[in-house]
Amino acid sequence: MYVVTWVVGLTGGIGSGKSAAADLFAAHGAAVIDTDAIAHDLTKPGGGAMPLIRAGFGDGVAAADGALDRAAMRAVVFADPPARKRLEAILHPLIREESERQLAAAATPYAILVVPLLIEAGDYRKRVNRIAVVDCAEATQIARVMSRSGLARPEIERILAAQATRAQRLAAADDVIDNDGELAALAPQIERLHGNYLALAQRLG
Ligand code: ATP
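Residues numbered from 1 in each chain as written. Predicted model: local features only at pLDDT ≥ 70, side-chain atom pairs only at ≥ 80, totals over all residues. Heavy atoms only, no water.

### With respect to the pairing of strand E2 (residues 31-34)
So, step 1. The alternating pattern of E2 places Ala 31 and Ile 33 on a buried face and Val 32 and Asp 34 on a face that is not buried.
So, step 2. Strand direction decides the pairing type here: E2 and strand E3 (residues 110-114), joined by four bridges, are parallel. Looking at the pairing, Ile 33 lines up with Leu 113 of E3. (Buried < 20%, exposed > 50% of the residue type's maximum accessible area, 1.4 Å probe, protein only. Helix = DSSP H or I, 4+ residues; strand = E, 2+ residues; numbered from the N terminus. Pairing = 2+ DSSP bridges.)

Printed below as a string of structure tokens:
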């Protein structure tokens, strides 16, 4: 599908503040397309990925309401690591298709495409015009995720270890959004970037 909108890929590690930053862009009127939300929709009861997931992994990975049973799926992937790739092979094309549909429908000068693993997934980098990274120290990420989800520190550290490093993300960034401080410090940064993106989209779009 033809992507008509100038696209900023917004990324950052777990708990860095991607959603908080995306909400501020949305408040300025930017279209925000969230690949995590799309993945969630695809795996909810009646979600478009569920027939393929059931066919690939059996009905045991579906909950009684038809949604993906995340704990059961985690157990499958834990027991059989290549299963993750098979799950991704089902989900990624559907996420891409839906995000491109939403991008094409976005009637704004630019769109924010939130992709948590943008740096890790090489092909997304080619599909965005610019990369904005929400940055904070790993200790800050861990503290935020612990207070949000109650996940234990070793579990969060394992997730962090599986993601790109802070340095890798910063090296790929066109724009860095500093979210190590107060939430209030985000707003002026997003306001400035919004102005830049409008100007860039008009110049290059
Ligand atoms: P994930 O990838 O895990 O979904 P995310 O990058 O989208 O996370 P958010 O959900 O925006 O991050 O933020 C993670 C948590 O930290 C949330 O509970 C949020 O309210 C909180 N948070 C975000 N930024 C700040 C900040 N500057 N100060 C304090 N708390 C913050």
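### Some thoughts on the environment of Lys 44
So, step 1. Here Lys 44 shows up in the loop between helix H2 (35-42) and helix H3 (50-57).
So, step 2. Sequence spacing of Lys 44 and Val 133 is 89 residues, and the spatial spacing of their C-alpha atoms is 28 Å.
So, step 3. Once residues lying within four places of it in the same chain are set aside, the contact partners of Lys 44 are Met 50, Gly 66 and Ala 67. (Contact = heavy atoms within 4.5 Å.)

### So, the layout of surface pockets
So, step 1. Each pocket or cavity is described by its volume, and for the largest pocket that value is around 2300 Å³.
So, step 2. Contributing to the lining of the largest pocket are 49 residues, with Asp 36, Arg 84, Leu 117, Ile 159 and Gln 163 lying nearest its centre.
So, step 3. Those elements giving two or more residues to the lining of the largest pocket turn out to be helix H1 (18-27), H2, helix H4 (70-79), helix H5 (82-105), helix H6 (122-127), helix H7 (138-149) and helix H8 (153-162).
So, step 4. In terms of residue count, the dominant contributor to the lining of the largest pocket is H5 (eight residues). (1 Å grid on protein atoms, 1.4 Å probe; cavity = no way out; pocket = protein on both sides within 12 Å on 5 of 7 lines; lining within 4 Å. Points joined across faces, edges and corners; volume = space filled by probe spheres on them.)

### Remarks on the site of the ligand
So, step 1. Taken together, 14 residues are adjacent to the ligand, and Lys 18, Ser 19, Arg 148, Asn 179 and Gly 181 come closest.
So, step 2. With respect to the ligand, the backbone of Gly 17 contributes an N or O atom lying 3.0 Å from an oxygen atom.
So, step 3. Asn 179 has a polar side-chain atom sitting 2.7 Å from a nitrogen atom of the ligand.
So, step 4. Protein contact buries 72% of the 630 Å² of open area that the ligand shows by itself.
So, step 5. Here the ligand is seated within the largest pocket.
So, step 6. Secondary structure elements with two or more residues in the shell around the ligand: H1 and H7. (Near = heavy atom within 4 Å. Polar contact = N/O pair within 3.5 Å; in protein donor to acceptor, adjacent residues only side chain to side chain. Areas by Shrake-Rupley, 256 points an atom, 1.4 Å probe, with all protein chains shown as cover. Sits in = over half its atoms within 2 Å of the grid points.)

### A closer look at empty space enclosed by the protein
So, step 1. Taken as a whole, this structure holds one cavity of 30 Å³ or more when the rule is applied.
So, step 2. Here the largest cavity is characterised by a volume of approximately 40 Å³.
So, step 3. Lining the largest cavity are Gly 13, Ser 16, Val 133, Val 134, Asp 135, Cys 136, Gln 141, Arg 166 and Arg 169.
So, step 4. Of all elements in the fold, only strand E4 (130-135) and helix H9 (166-172) reach the threshold of two or more residues within the lining of the largest cavity.

### A short note on the sheet that holds strand E5 (residues 175-178)
So, step 1. In space, the five strands of this open sheet follow the order E2-E3-E1-E4-E5, with parallel pairing throughout. Either end of the sheet is taken by a strand with one partner, and the two such strands are E2 and E5. Pairwise comparison of adjacent strand axes, ignoring direction, gives a mean angle of 25° for this sheet.
So, step 2. Alignment of E4 against E5, held across four bridges, turns out to be parallel. Pairing of Val 134 across the sheet is with Ile 177, part of E5. (Axes fitted to C-alpha atoms, helices over the stretch in contact; angles between N-to-C directions.)

### Comments concerning the packing of aromatic side chains
So, step 1. Evaluation of the coordinates by the stated rule reveals three aromatic pairs.
So, step 2. Ring centres of Phe 25 and Tyr 197 lie 5.9 Å apart, and the angle between their planes is 20°; on these two criteria the pair is classed as stacked. On the criterion of sequence distance, the pair formed by Phe 25 in helix H1 and Tyr 197 in helix H10 (residues 186-204) is long-range, its members being 172 residues apart. Exposure class is identical for Phe 25 and Tyr 197. Each is buried.
So, step 3. Relative to Tyr 197, the ring of Tyr 110 lies with its centre 5.4 Å away and its plane at 70°, an arrangement referred to as edge-to-face. With Tyr 110 in strand E3 and Tyr 197 in helix H10, this residue pair connects regions lying 87 residues apart in the sequence. The two residues Tyr 110 and Tyr 197 agree in class, both being buried. (Phe/Tyr/Trp six-rings, centres within 6.5 Å; stacked < 30°, edge-to-face > 60°.)

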